[in-house]
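The chain contents come next:
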Amino acid sequence: MSGAAIEIEGLRKVYAAHKGEPAKEALSGIDLTIPRGSIFGLLGPNGAGKSTLINILAGLVIKTAGRVRIWGFDQDVNPRQSRAAIGVMPQELNLDPFFTPRGALDVQAGLYGVPRSERRTDEILDMIGLADKADAYARTLSGGMRRRLLLGKALVHRPQILVLDEPTAGVDIELRQMLWRNVRRLNEGGMTIILTTHYLEEAEEMCDEIAIINRGNLIVQDRTRNLIDRMDAKTLVIEPEGDAPGEIVLPAGVTLERRGDGRLAFGYARTRTGPGDILAALRDAGVRIRDVAIEEPNLEDVFLDLTRAPAA
């Protein structure tokens, strides 16, 4: 077996024309390999094709073309095995209000054919912090509790791969921290995690590797640190003693932003200019420096750079 949790080749999805709307190509021949045991970020702006891709993996949407292998099982040849290898925590709170958490987990386990003797209902309820609400109707649970229950439902059949679709959207800090603790523990136990999120600082902190898709195309896939290191831009921030002069002669390509708190922010390309060149220019201009700092690029900078719409 390969070292890939998921292998996608030439994946296309075209939604047919409907009610006067033209046909829409949501995925345009994506090739993507997700390593086993990783925490993998799948990022993209709204409408990029992330939800379509996840729904194809979950067996909820039929692809137009391409090949999908999940944990070594071809989705077309072994649909049951491929579906059993993956658990999805959806973004939508789709819970039956008349089931208790215990009942919802038992029903979900039954749908996956998990024998009653092998079900881990109490263990999962304890992990997601709902043991004391095990027999309360879902309609009485808070939004955060319902989101925890979605995580529990995704885990009942012991999947090798867990997909988290915007898991922390609109949740409080306590729930977010609980979720990430559980995710790290599951990953340390060997589970592959696929995360979609609009909170890019979470993706930067959590993900080993990231893929960015836009307009149905895979834009880039790389280790998280490698993606950030691709950004050539840095910012040197100076806190001057007293007022800075109105004009400062700077090296070519260096920009100056005068911030509201009196600090000076110099943007530069690290492959063309070093901070020493900027400091020398400030010295020549008679600027006395009280403090200095360098602001590094982050994943948000990479994301915006790669998904920015081309100029008209």
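Attention here is on the structure that accompanies the text. (Residues numbered from 1 in each chain as written. Predicted model: local features only at pLDDT ≥ 70, side-chain atom pairs only at ≥ 80, totals over all residues. Heavy atoms only, no water.)

Here we come to the sheet that holds strand E11 (residues 233-240). As a general point, the strands of a sheet are linked pairwise by backbone hydrogen bonds and lie either parallel or antiparallel. Spatially, E12-E13-E11-E14 is the arrangement adopted by the 4 strands of the open sheet, whose pairing is antiparallel. This sheet does not close on itself; its edge strands, each paired only once, are strand E12 (255-258) and strand E14 (289-295). Sheet twist, expressed as the mean angle between neighbouring strand axes with direction ignored, is 20°. As paired elements, E11 and strand E13 (residues 264-269) share 6 bridges and run antiparallel to each other. Bridging from a neighbouring strand, Lys234 pairs with Tyr268 of E13. Contacting E11, E13 and E14, helix H9 (residues 275-284) crosses the sheet at an angle of about 30° to E11. (Pairing = 2+ DSSP bridges. Helix = DSSP H or I, 4+ residues; strand = E, 2+ residues; numbered from the N terminus. Axes fitted to C-alpha atoms, helices over the stretch in contact; angles between N-to-C directions. Contact = heavy atoms within 4.5 Å.)

Turning next to the packing of aromatic side chains. In this structure the tally under the stated criterion is 0 aromatic pairs. Of note, Arg36 hangs over the ring of Trp71, and the distance from its end group to the ring centre comes to 3.8 Å. (Phe/Tyr/Trp six-rings, centres within 6.5 Å; stacked < 30°, edge-to-face > 60°. Lys NZ or Arg CZ within 6 Å of the ring centre and 35° of its normal.)

Let us look at the sheet that holds strand E4 (residues 65-70). Taken together, the 4 strands give an open sheet; going across it, the order is E2-E1-E4-E5, and neighbouring strands pair in antiparallel fashion. Looking along the sheet, the strands with just one partner apiece sit at the ends: strand E2 (24-35) and strand E5 (73-74). Bridge analysis of strand E1 (residues 4-15) against E4 gives 5 bridges, and the strand direction is antiparallel. Along E4, the bridge assignment pairs Glu7 with Arg69. Each of E1, E2 and E4 touches helix H1 (residues 50-57); the most contacted strand, E1, lies at about 115° to it.

All right, on to the nonpolar core then. Counting 43 residues, the largest nonpolar core has Leu43, Leu151, Leu155, Leu162, Leu164, Val183 and Ile210 as the members making the most contacts within it. Counting residues per element, this core draws most heavily on helix H5 (residues 143-155), at 5 residues. Those residues within four positions of Val183 in sequence are excluded, and the remaining contacts are Ile39, Leu164, Ile193 and Met206. Core analysis: the next-biggest nonpolar cluster, separate from the first, contains 26 residues, Leu11, Ala48, Ala211 and Ile213 among them. (Core = buried A, V, L, I, M, F, W, Y, C linked by side-chain atoms within 4.5 Å. Buried < 20%, exposed > 50% of the residue type's maximum accessible area, 1.4 Å probe, protein only.)

A few words now on unusual backbone geometry. Here Trp71, not a glycine, exhibits a phi torsion of approximately 55°, which is positive. Following the sequence through the fold, Trp71 ends up in the loop between E4 and E5. Overall, the relative accessible area of 14% leaves Trp71 in the buried class. We note that Glu166 has phi near 50°; this positive angle belongs to a residue other than glycine. Assignment of secondary structure puts Glu166 in the loop between strand E7 (161-165) and helix H6 (173-188). Accessibility expressed as a relative area gives 5% for Glu166, which makes it buried.

Moving on: the side chain of Glu166. Here Glu166 occupies a buried position and makes no salt bridge, while the nearest side chain of opposite charge, Lys50, is found at 5.2 Å. Among the polar contacts made by the side chain of Glu166, one reaches the side chain of His198 at a distance of 2.6 Å. Aside from chain neighbours lying at most four places away, what touches Glu166 is Gln91, Arg147, Thr196, Thr197 and His198. (Lys, Arg positive; Asp, Glu negative; His and termini not counted. Salt bridge = Lys/Arg side-chain N within 4 Å of Asp/Glu carboxyl O. Polar contact = N/O pair within 3.5 Å; in protein donor to acceptor, adjacent residues only side chain to side chain.)

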